[in-house]
Amino acid sequence: MICLSKNGTDEYVNMFAEGAGITPTTDKTFDYEASNDPILLRGILKHKLMKQCWEDKRDFYYMDSGYLGNYKSPINPNGWKWFHRIVKNDLQHSEIVDRPSDRWEALKYKIPKWKKNGRNILVVMPSDKPAKFYGIDIDTWRAEVVDTIKQHTDRPIVIREKASRPERIAKTIYEELDNAYAVVTLQSIAATEAILYGIPAFGLAPNASTPVASNDLTQIETPRYPEDDLVYKWACHLAYGQFHIDELKNGTAYKILKEEQ
């Protein structure tokens, strides 16, 4: 495996390489044609390389922020960015794979009951990076989404802008979820947070929430409320697709990925 580290200093790629016993490769000297080994890369701005791998049917592993555990919780009282997802040949874990429950249970989350007394439609705006990947103009996306929602409900629409991580820690999405009837977003993490807070989600791009979310805004008044068993199975699946930084460094992440091949 080639662990592609931006300027040789990507701390999370370097952690994974350490655990795997691999010397990281800096993007400054990387030669795509030199081998056909799988590539580990981090960040959606590597989209040209990912698309080249898709075209050439070359395996790659995509690393980005984890779905769960990066905000204040019983196992992460300070809300540090400890968990990172790794996905084979895609950006998201969009199809459920049967997994044991141990990693999910270790996160100490619970599957909540669906909350149906919220009033607002919470629209979580995408950041520039995924918008660029999907070829979306953010202002156009916002206008079209709001217009479609207004055609099918008279509920208040609350816009949550994409903010810096310190701002998101200071004002978490959960404050707005308390008054939400449904969440509309491109972002897999926002949709995942909503569903695991008991709020149905509309995921408007293929993402981790796809197996348990809706995608048709004409049904905004009748969102999908999947059965608890399906949500639990999905949560166990996601927990096996993300890793604590200690697991990057000690080889656990590499071992689990190798077992899947």
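Structure: above.
Everything numeric here is computed off the predicted structure, so don't read it as measured data.

Caption draft 1: Seen up close, the pairing of strand β3 (residues 39–42). Both strand β1 (residues 2–5) and β3 contribute to a ladder of two bridges, which runs parallel. Paired with Cys3 across the two strands is Leu40, which belongs to β3. When β3 meets strand β4 (residues 60–65), the two strands line up parallel, connected through four bridges. Residue Leu41 lies in a different strand from β4, and its bridge partner there is Tyr62.

Caption draft 2: Quick peek at the environment of Tyr61. Within the secondary structure, Tyr61 sits in strand β4. A residue is classified by how much of its surface remains accessible, and Tyr61, at 1% relative accessible area, is buried. For the pair formed by Tyr61 and Met1, sequence separation is 60 residues and the distance between their alpha carbons is 9.4 Å.

Caption draft 3: The arrangement of the side chain of Thr26 in detail. Note on placement: Thr26 falls in strand β2 (residues 25–26). There is a polar contact of 3.5 Å between the side chain of Thr26 and the side chain of Asp27. Ignoring any residue separated from it by four or fewer positions in sequence, one finds Thr26 in contact with Leu4, Ser5, Asn7 and Gly8.

Caption draft 4: Broad picture of a negative patch on the surface. Among the surface-exposed residues, Asp31, Glu33, Glu55 and Asp56 lie close enough to one another that they form a single negatively charged patch. Position of Glu33 relative to the elements: it lies in the loop between β2 and β3.

Caption draft 5: Representation of helix α1 (residues 11–20) within the structure. Among all positions of α1, only Tyr12, Val13, Met15, Phe16, Ala17 and Ala20 are buried. Tucked into the core, α1 has its buried residues touching β1, β3, β4, β5 (83–88), α10 (245–250) and α11 (252–259). Just downstream of α1 lies Gly21, where phi reads positive at about 70°.

Caption draft 6: Region of the structure containing the sheet that holds strand β8 (residues 180–185). Pairing in this open sheet of four strands is parallel, and the strands run β7-β6-β8-β9 from one edge to the other. Every other strand in the sheet has two partners, leaving β7 (157–160) and β9 (201–203) as the edge strands with one partner each. On average, each strand axis in the sheet is tilted by 20° relative to the strand beside it, whichever way the strands run. Against the sheet, helix α8 (residues 188–195) engages β6 (120–124), β8 and β9, with an angle of about 160° to β8.

Reading the values: the criteria
- Residues numbered from 1 in each chain as written.
- Predicted model: local features only at pLDDT ≥ 70, side-chain atom pairs only at ≥ 80, totals over all residues.
- Heavy atoms only, no water.
- Pairing = 2+ DSSP bridges.
- Helix = DSSP H or I, 4+ residues; strand = E, 2+ residues; numbered from the N terminus.
- Buried < 20%, exposed > 50% of the residue type's maximum accessible area, 1.4 Å probe, protein only.
- Polar contact = N/O pair within 3.5 Å; in protein donor to acceptor, adjacent residues only side chain to side chain.
- Contact = heavy atoms within 4.5 Å.
- Patch = residues over 30% accessible without salt bridge, like charges linked within 9 Å, V, L, I, M, F, W, Y side chains within 5 Å.
- Areas by Shrake-Rupley, 256 points an atom, 1.4 Å probe, with all protein chains shown as cover.
- Salt bridge = Lys/Arg side-chain N within 4 Å of Asp/Glu carboxyl O.
- Lys, Arg positive; Asp, Glu negative; His and termini not counted.
- Charge placed at Lys NZ, Arg CZ, Asp CG, Glu CD.
- Axes fitted to C-alpha atoms, helices over the stretch in contact; angles between N-to-C directions.

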